[in-house]
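Here is how the chains run, residue by residue.
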Amino acid sequence: MTPAPRHFLQLSDFSRDELDYLFARTGWIKERFKRYELYQPLRDRTLAMVFEKASTRTRVSFEAGMNQLGGIAINLNRGDTQLSRGEPIEDVARVISRMVDVVMIRTFEQSIIERFAAHSRVPVINGLTNEYHPCQILADMYTYIEHRGSLSGRTVAWIGDANNVCYTWLQAAAVFDFRVHVSGPAGYRLEPTRIAGADRAHFAEFDDPMEACRGADLVTTDVWTSMGYEAENEARKAAFADFMVDAPMMQMAHPDALFMHCLPAHRGEEVAADVIDGPQSVVWDEAENRMHAQKALLEFLVCGRVEVA
Ligand code: CP
Ligand code: NVA
């Protein structure tokens, strides 16, 4: 019997050792890319990308990355597929995974991607669900490492909505032994059921965002209204008004602190323009690193570990 494929549905699906390996490969792959050296371990391989939500970075980084690795990527927007006419996700998984080597999905509930993976013959990658965004945090951690070294023992301040990106940071903190300070308005904080049993050594909640930023090594935020929650937009704008990451918040952080945002950003809402466009911001490196980190992930899922030179 063929062994079950490995999937990347949540950051915690991979061990610390595997994630460290991916970071090492990301660096190697990025260096070769910067030197314009061909590296094509995925020749004749195909990635299918299923998008049930909009995307700029995820789409371009996976498609460009797959092409650079020698393979091809097929883009499937929900509206153009039979998913929009009610084809069960299990059937879509069975069919697509007989034709391609790896699948990336951006969808709504985590349960959808889990059902897809359960019926897939090939590895499945989470390209964002309502619950998690593991590819983003791979790139974010790699970006921190590039600029400042290991995150272990550091403090990350998460200001704003306790959303998919925030929960993925919490998973990363447990794996890499750092701390996340979470601060958002009432009604948009961490859900007790999702943090029940989580090790409190790795996160703490703050009513005051300034206190959450105190001494932080990294300050990060995200949109107030994630995809799928648009109907709540006006209520959210009012609730989050005091949670814009601005210069006074950055001044509370460590002098060497970085600012990150997974993008797309709304200047004047979750982040002030002088922060995202300021000297502590590494958002463009962060966006670029999506591609390098995901190339390492694709290589690992399709080829397994390769000898590191
Ligand atoms: N950060 C991120 O996933 O961006 P996209 O929605 O543009 O893919
Ligand atoms: N939290 C955002 C991230 C977008 C990349 C969303 O889910 O819409």
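Our subject in this report is the structure included herewith. (Residues numbered from 1 in each chain as written. Chains lettered and ligands numbered in written order. Predicted model: local features only at pLDDT ≥ 70, side-chain atom pairs only at ≥ 80, totals over all residues. Heavy atoms only, no water.)

Moving on to the overall build of the protein chain. Counting its regular elements, the protein chain contains 12 helices and nine strands. The globule rule puts the C-alpha radius of gyration for 309 residues at 19 Å, and the 19 Å found for the protein chain is close to it. Expressed as a percentage of the 309 residues in the protein chain, the buried residues total 53%. Long-range contacts, defined here as pairs at least 24 residues apart, represent 73% of the contacts in the protein chain between residues at least 6 apart. Summed over all atoms, the accessible surface of the protein chain reaches about 13,400 Å², with 51% contributed by carbon and sulfur. Once the 32 positive and 44 negative side-chain charges of the protein chain are each reduced to a mean point, those two points are 6 Å apart. (Helix = DSSP H or I, 4+ residues; strand = E, 2+ residues; numbered from the N terminus. Rg over C-alpha atoms; globule rule 2.2 N^0.38 Å. Buried < 20%, exposed > 50% of the residue type's maximum accessible area, 1.4 Å probe, protein only. Contact = heavy atoms within 4.5 Å. Areas by Shrake-Rupley, 256 points an atom, 1.4 Å probe, with all protein chains shown as cover. Lys, Arg positive; Asp, Glu negative; His and termini not counted. Charge placed at Lys NZ, Arg CZ, Asp CG, Glu CD.)

Okay, the pairing of strand β5 (residues 155–159) next. Of all five residues making up β5, five are buried, and the element is well covered by its neighbours. Crossover handedness for the path β5 to helix α6 (residues 164–176) to strand β6 (residues 179–183): right-handed. (Right-handed = clockwise from strand over helix to strand, strands pointing away.)

On to the site of ligand 1, then. Around ligand 1 lies a shell formed by Ser55, Thr56, Arg57, Thr58, Arg106, His133, Gln136, Cys262, Leu263 and Arg290. Separating an oxygen atom of ligand 1 from a backbone N or O atom of arginine 57 is a distance of 2.8 Å. The backbone of leucine 263 places a nitrogen or oxygen atom 3.0 Å from a nitrogen atom of ligand 1. Starting from 250 Å² of accessible surface for ligand 1 in isolation, the protein chains cover 95%. Considered class by class, the residues forming the shell around ligand 1 number two nonpolar, five polar and three charged. (Near = heavy atom within 4 Å. Polar contact = N/O pair within 3.5 Å; in protein donor to acceptor, adjacent residues only side chain to side chain. Nonpolar A, V, L, I, M, F, W, Y, C, P; charged D, E, K, R; others polar.)

Structurally, histidine 133 is set in the loop between β4 (124–126) and α5 (134–148). By relative accessible area, which is 3% here, histidine 133 ends up buried. Excluding anything up to four places from it in sequence, histidine 133 contacts Thr58, Arg106, Gly127, Leu128, Asn164, Val165, Thr168 and Arg290.

Grouped burial of nonpolar side chains is what soluble globular proteins tend to show. Counting residues in hydrophobic clusters, the biggest one holds 57 residues, and the most contacted among them are Ile125, Met141, Trp169 and Phe178. The element that contributes the greatest number of residues to this core is α6, accounting for eight residues. Core analysis: the next-biggest nonpolar cluster, separate from the first, contains 22 residues, Ala157, Phe240, Phe243 and Val271 among them. (Core = buried A, V, L, I, M, F, W, Y, C linked by side-chain atoms within 4.5 Å.)

Turning next to helix α3 (residues 89–96). Among all positions of α3, only Ile89, Glu90, Val92, Ala93 and Ile96 are buried. The arc that holds every buried residue of α3, seen down its axis, measures 160°, which confines them to one face. Elements that come into contact with the buried residues of α3 comprise β1 (46–51), β2 (72–77), β3 (102–106) and α4 (110–118). (Arc of directions from axis to C-beta.)

Here we take up the site of ligand 2. The immediate surroundings of ligand 2 are formed by Leu128, Asn163, Asn164, Asp222, Val223, Ser226, Met227 and Leu263. Within the contact set of ligand 2, a nitrogen atom lies 3.3 Å away from a side-chain nitrogen or oxygen of asparagine 163. Separating an oxygen atom of ligand 2 from a backbone N or O atom of methionine 227 is a distance of 2.8 Å. Protein contact buries 94% of the 270 Å² of open area that ligand 2 shows by itself. When the residues that make up the shell around ligand 2 are grouped by side-chain class, the tally is four nonpolar, three polar and one charged.

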